[in-house]
Amino acid sequence: MDRRRFLLTSLAGVLAAPLAAEAQQSTKIARIGYLTTADVSTIPYHLREAFLQGLRDLGYVEGRNIVIEYRSAEGKVERLPALAAELVALKVDVILAPAPAHVLAAMQATRTIPIVFVNAGDPVASGLVTSLARPGGNVTGVSTIGRDLVGKCLEQIPQAVPAVSRVAVLWNPGDSPNTEKDTLKRAEAAGRALGLRLQFVEVRSPADFDRSFSEMVGARVGAVTVLPSTMFFIERKRLVDLAAKNRLPAVYSSRDFVDAGGLMSYGPDFADLFRRAAAYVDKILKGAKPGDLPVEQPTKFELAINLKTAKALGLTIPPSLLARADQVIE
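Right, let's walk through the structure included here. (Residues numbered from 1 in each chain as written. Predicted model: local features only at pLDDT ≥ 70, side-chain atom pairs only at ≥ 80, totals over all residues. Heavy atoms only, no water.)

## With respect to the overall build of the protein
Stage number 1. Assigned secondary structure in the protein consists of 13 helices and 12 strands.
Stage number 2. Counting only contacts in the protein whose residues sit at least 6 apart along the sequence, the fraction spanning at least 24 positions is 68%.
Stage number 3. Carbon and sulfur atoms provide 54% of the accessible area of the protein, an area that totals close to 15800 Å². (Helix = DSSP H or I, 4+ residues; strand = E, 2+ residues; numbered from the N terminus. Contact = heavy atoms within 4.5 Å. Areas by Shrake-Rupley, 256 points an atom, 1.4 Å probe, with all protein chains shown as cover.)

## Quick notes on the packing of aromatic side chains
Stage number 1. This model, assessed by the stated rule, comprises 6 aromatic pairs.
Stage number 2. Ring centres of Tyr34 and Tyr70 lie 5.1 Å apart, and the angle between their planes is 40°; this geometry places the pair in the tilted category. Here Tyr70 lies in strand S2 (residues 66–72) and Tyr34 lies in strand S1 (residues 30–36), a separation of 36 residues in the sequence.
Stage number 3. Residue classification places Tyr34 among the buried positions, given a relative accessible area of 2%.
Stage number 4. Considering the side-chain rings of Tyr252 and Phe257, the 4.7 Å spacing of their centres and the 5° angle between planes classify their relative orientation as stacked.
Stage number 5. On the accessibility criterion, Tyr252 (2% relative accessible area) is buried.
Stage number 6. Put simply, the rings of Tyr34, Phe51 and Tyr70 touch in pairs and so form one group of aromatic residues. (Phe/Tyr/Trp six-rings, centres within 6.5 Å; stacked < 30°, edge-to-face > 60°. Buried < 20%, exposed > 50% of the residue type's maximum accessible area, 1.4 Å probe, protein only.)

## Some points on empty space enclosed by the protein
Stage number 1. Using the criterion set out here, one finds 4 cavities of 30 Å³ or more in the structure.
Stage number 2. Around the second largest cavity, the lining residues are Val240, Ala243, Ala244, Leu248, Pro249, Ala250, Tyr252, Gly261, Gly262, Leu263, Thr309 and Leu313.
Stage number 3. Listing elements by their share of the lining of the second largest cavity, those giving two or more residues are helix H9 (236–245) and strand S9 (250–252).
Stage number 4. Element by element, the count of residues in the lining of the second largest cavity is highest for H9, at 3 residues.
Stage number 5. Among the residues forming the lining of the second largest cavity, the class breakdown is 9 nonpolar, 3 polar and no charged. (1 Å grid on protein atoms, 1.4 Å probe; cavity = no way out; pocket = protein on both sides within 12 Å on 5 of 7 lines; lining within 4 Å. Points joined across faces, edges and corners; volume = space filled by probe spheres on them. Nonpolar A, V, L, I, M, F, W, Y, C, P; charged D, E, K, R; others polar.)

Here you go:
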């Protein structure tokens, strides 16, 4: 009996070994590359947390079944291609590339590893995908249709600053070269409809900031709207401070500017976009091809107002505008 029991136990161990190995293989840890221009420590917490929470909701936990490889250009866009190449060398399973500059760098580094974007404006016009319904290639994600929001941002200005007649439009010509002309045309059309005279102010680098605000003050503009730009987002605190210093009411396309002290913002709910990006990552890790996953557009938009900044500028925000706000900082 002892010998029989010994043989049975040994046989069970031999049979169990392949099963254990198979179980280990089935719990493979996925590797996600996170390419960003901002310093990792300064990535807006609510955006990164929204992405991680989206992954957790789908059953992914850092250190257990996923590893996230962060690569930061620390504000230097020219470093993105090398960082993207690092992620490719690590053989990550998918790359999260939030903005167009990140996507383009990742596309230069790989045509096979899936890339998911979060803030790509018009990805078709930018050449990131073939179409929204059938992206093709290895890229897909959530578009912010930023150029369509220019008019909405301008609409907020006369409501907050009733006497305004001339408004500056701060823009970065190098951020989205394939869509900038259309964006500016849309801004002009919106300005005419609102009875506003627009002063377009071009900024190519942070070194131009002081000059640009001097130009606005010299033109006697009554307010400024800041078009979406990766550089502007990185330098948002400096832009907000310059607007305050020059006593210019400003409207931005992201609430992160308002959190930094800006007056107002109107744009997509970026936290929602980052949560939705997690769903793309999940589908890709489960075998879906990015080229077959349609690009989604924002479904939630948010208006944010900073009453502290309004008070400092001597503005009284009308109750009708406050009632529509999704976030009010007092």
